[in-house]
Amino acid sequence: MECVRRFVQSHKAVAYGLVFGMVIFFNCFGFPIYNLNKEWLLSITAEYLYLDVGAALFSGALLAAQFPQKRFWQIALLSAALACGGLACRYLLEFGEVSNTYNFTMPNIALHLAAFAGICALSWRYVAKQSRKNG
């Protein structure tokens, strides 16, 4: 663990790139968190919710490890911006597909951004507070 800590401290740009890349990746492949326009099976809906909530919690922990001294609103804005980056990647990945017509609607985008950014920021707050308490 100490080897990883020294690597991260000496290569900050690589650590930022990995954390930001992970959050963008989670949003690219986890969108939509719940599709309001198309009927999905209950098992698929439960799987998406479980994976996306887990990805948001993990993203908050990653951001807490990288930015323990930032403010809550800064992390909320950062996670929302990274989520928008992930959605842009997803749109470009499926450009020209029919699925973009029913996935990329305003309600789906708003729900995904609000849920992911909110869960991620709350997870950051919890992990950052625990790390400060434990010293």
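Quick summary incoming for the structure in this document.

What counts as what
- Residues numbered from 1 in each chain as written.
- Predicted model: local features only at pLDDT ≥ 70, side-chain atom pairs only at ≥ 80, totals over all residues.
- Heavy atoms only, no water.
- Helix = DSSP H or I, 4+ residues; strand = E, 2+ residues; numbered from the N terminus.
- Expected span 1.5 Å × (residues − 1).
- Buried < 20%, exposed > 50% of the residue type's maximum accessible area, 1.4 Å probe, protein only.
- Arc of directions from axis to C-beta.
- Polar contact = N/O pair within 3.5 Å; in protein donor to acceptor, adjacent residues only side chain to side chain.
- Core = buried A, V, L, I, M, F, W, Y, C linked by side-chain atoms within 4.5 Å.
- Contact = heavy atoms within 4.5 Å.
- Phe/Tyr/Trp six-rings, centres within 6.5 Å; stacked < 30°, edge-to-face > 60°.
- Axes fitted to C-alpha atoms, helices over the stretch in contact; angles between N-to-C directions.
- Parallel < 35°, antiparallel > 145°, perpendicular 65-115°, else oblique.
- Left-handed = near helix turned anticlockwise from the far one by under 90°.
- Nonpolar A, V, L, I, M, F, W, Y, C, P; charged D, E, K, R; others polar.

### Describing helix α4 (residues 72–93)
(1) Moving on: For α4, built from 22 residues, the straight-helix expectation of 32 Å at 1.5 Å per residue is met to within 8% by its first-to-last C-alpha distance of 31 Å.
(2) Moving on: Turning to α4, its buried residues number three or more, namely I75, S79, L82, A83, G86, L87 and R90. Projected down its long axis, α4 carries its buried residues within an arc of 150 degrees, all on one side. Across α4 from its buried face, at more than 90 degrees, point the exposed residues W73, L77 and L92.

### Concerning the side chain of T105
(1) Moving on: Tracing the backbone through its elements, the reader meets T105 in the loop between α5 (99–103) and α6 (106–134).
(2) Moving on: The buried category is assigned to T105, whose relative accessible area is 19%.
(3) Moving on: Reaching out from T105, the side chain makes a polar contact with the side chain of N37 at a distance of 2.7 Å.

### Digging into the nonpolar core
(1) Moving on: In this structure, L63, I75, L87, F116 and W124 are the most contacted members of the largest nonpolar core, which totals 17 residues.
(2) Moving on: In terms of residues, this core owes the most to one element, α6, which gives 5 residues.
(3) Moving on: Not counting chain neighbours up to four residues away, the residues in contact with L63 comprise V19, F20, P68, I75, L78, S79, C120 and W124.

### Thoughts on unusual backbone geometry
(1) Moving on: Following F31, the chain continues to P32 via a peptide bond in cis, the omega torsion being -10 degrees.
(2) Moving on: Structurally, P32 is set in the loop between α2 (12–30) and α3 (42–66).

### Details of the environment of L36
(1) Moving on: Looking at the secondary structure, you find L36 in the loop between α2 and α3.
(2) Moving on: Each C-alpha atom of the pair L36 and T105 lies 8.9 Å from the other, and the pair is 69 residues apart in sequence.
(3) Moving on: The residues touching L36, leaving out its near neighbours within four places in the chain, are P107, N108 and L111.

### Description of the packing of aromatic side chains
(1) Moving on: Within this structure, the stated rule accounts for 10 aromatic pairs.
(2) Moving on: Each ring, one from Y16 and one from F20, has its centre 6.2 Å from the other, and the planes form 15 degrees; the classification is stacked. Of this pair, Y16 and F20 both sit in helix α2, 4 residues apart, which is roughly one turn of the helix.
(3) Moving on: Judged by centre distance (5.9 Å) and plane angle (70 degrees), the rings of Y91 and F95 are edge-to-face.

### A look at the packing of α2 against α4
(1) Moving on: Running from amino to carboxyl end, α2 crosses α4 at an angle of 55 degrees, the nearest separation of the two axes being 7 Å. Classed by the angle they form, the pair α2 and α4 counts as oblique. Taken as a pair, α2 and α4 cross one another with a handedness that is right-handed. Contacts between α2 and α4 involve F20, V23, I24, N27, C28 and F29 from the first element and L78, L82, A83, G85, G86, L87, C89, R90 and L93 from the second.
(2) Moving on: Its residues placed into classes, the contact of α2 with α4 shows 11 nonpolar, 3 polar and 1 charged.

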